[in-house]
Amino acid sequence: VQPVESGGGLVQAGGSLRLSCVVSGSTFSINAMGWYRQAPGSQRDLVATISSGVGSTNYADSVKGRFAISRDDAKNTMYLQMNSLKPEDTAVYSCYADVRKGYSDVVRRYWGQGTQVTVSS
């Protein structure tokens, strides 16, 4: 099982980007998913999460109203739509997926490698 992010890049302040996180592998089901970000010299911070089933969402205060998390379970893919980007949003964005393999009751968190988002002023 491997999550892979894409969609990062360089954008001007006020612009938008959409990140994707595709989970590949075999015989698994995905519970919660989410995004974290880490700026240079800073700790890793939670950005947004989305549950399985009804897709309940949760956002960091700093991104509420600007970012939107969603998922397409048929494609094993999660998205992060980022609007009204600010220079302080610059960071490496990493996704995670809480995965249950086969018929196991064990849920394990898998992480992507991260994608760089840079917002210029």
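Located above this text is the structure these notes cover.
What counts, and at which threshold
Residues numbered from 1 in each chain as written. Predicted model: local features only at pLDDT ≥ 70, side-chain atom pairs only at ≥ 80, totals over all residues. Heavy atoms only, no water. Helix = DSSP H or I, 4+ residues; strand = E, 2+ residues; numbered from the N terminus. Buried < 20%, exposed > 50% of the residue type's maximum accessible area, 1.4 Å probe, protein only. Contact = heavy atoms within 4.5 Å. Core = buried A, V, L, I, M, F, W, Y, C linked by side-chain atoms within 4.5 Å. Disulfide = S-S within 2.5 Å. Pairing = 2+ DSSP bridges. Axes fitted to C-alpha atoms, helices over the stretch in contact; angles between N-to-C directions. Phe/Tyr/Trp six-rings, centres within 6.5 Å; stacked < 30°, edge-to-face > 60°.

*Asks:* Break down the overall build of the protein chain for me, citing the residues and quoting the values.
*Replies:* The helix and strand inventory of the protein chain stands at zero helices and eleven strands. The principal-axis extent of the C-alpha atoms belonging to the protein chain is close to 50 × 25 × 25 Å. Per-residue burial over the protein chain gives 38% buried out of 121 residues. Considering only residue pairs separated by 6 or more positions, the protein chain has 55% of its internal contacts joining residues 24 or more positions apart.

*Asks:* Tell me what's going on with unusual backbone geometry, and back it up with residues and numbers.
*Replies:* Excluding glycine, residues mostly carry a negative phi; peptide bonds, for their part, are mostly trans. Residues other than glycine seldom take positive phi values, yet Asn-76 does so here, at roughly 50°. Note that Asn-76 resides in the loop between strand E7 (67-72) and strand E8 (77-82). Although it is not a glycine, Ser-84 adopts a positive phi angle of roughly 50°. Positionally, Ser-84 belongs in the loop between E8 and strand E9 (91-101).

*Asks:* Can you break down the nonpolar core residue by residue, with the values?
*Replies:* One finds Trp-35, Val-47, Phe-67, Met-78, Leu-80, Met-82 and Tyr-93 to be the most contacted residues of the largest nonpolar core, which totals 28 residues. Those elements giving two or more residues to this core turn out to be strand E3 (17-24), strand E4 (28-38), strand E5 (44-50), E7, E8, E9 and strand E11 (115-120). Among the elements that take part in this core, E9 stands out by supplying five residues, more than any other. With near-sequence residues (within four places) excluded, Met-78 lies in contact with Leu-19, Ser-20, Cys-21, Met-33, Gly-34, Trp-35, Ile-50, Ile-69, Ser-70, Arg-71, Cys-95 and Tyr-96.

*Asks:* Account for the state of the cysteines, with residues named and values stated.
*Replies:* For the coordinates displayed, the defined rule picks out one disulfide. Across a sulfur-sulfur distance of 2.1 Å, Cys-21 and Cys-95 are joined as a disulfide pair. Judged by the sign of its S-S torsion, about 60°, the bond between Cys-21 and Cys-95 is right-handed. Remark: Cys-95 occurs in strand E9 and Cys-21 occurs in strand E3; sequence separation between them is 74 residues.

*Asks:* Mind laying out the sheet that holds E7, listing which residues take part and the relevant values?
*Replies:* Pairing in this open sheet of four strands is antiparallel, and the strands run E1-E3-E8-E7 from one edge to the other. Strands with a single pairing partner mark the edges of an open sheet, and in this sheet they are strand E1 (2-6) and E7. Averaged over neighbouring strand pairs, the angle between their axes works out to 15° when direction is ignored. Here E1 pairs with E3 via five bridges, running antiparallel. Residue pairing in the sheet places Ser-6 in a bridge with Ser-20 of E3.

*Asks:* Describe the packing of aromatic side chains, naming the residues involved and giving the relevant values.
*Replies:* A complete count under the given rule lists three aromatic pairs for this structure. Consider the rings of Tyr-36 and Tyr-96, whose centres lie 5.9 Å apart with planes at 55°: the pair is tilted. One end of the pair, Tyr-36, is in strand E4; the other, Tyr-96, is in strand E9, and 60 residues separate them in sequence. For the pair formed by Tyr-36 and Tyr-96, the shared burial category is buried.

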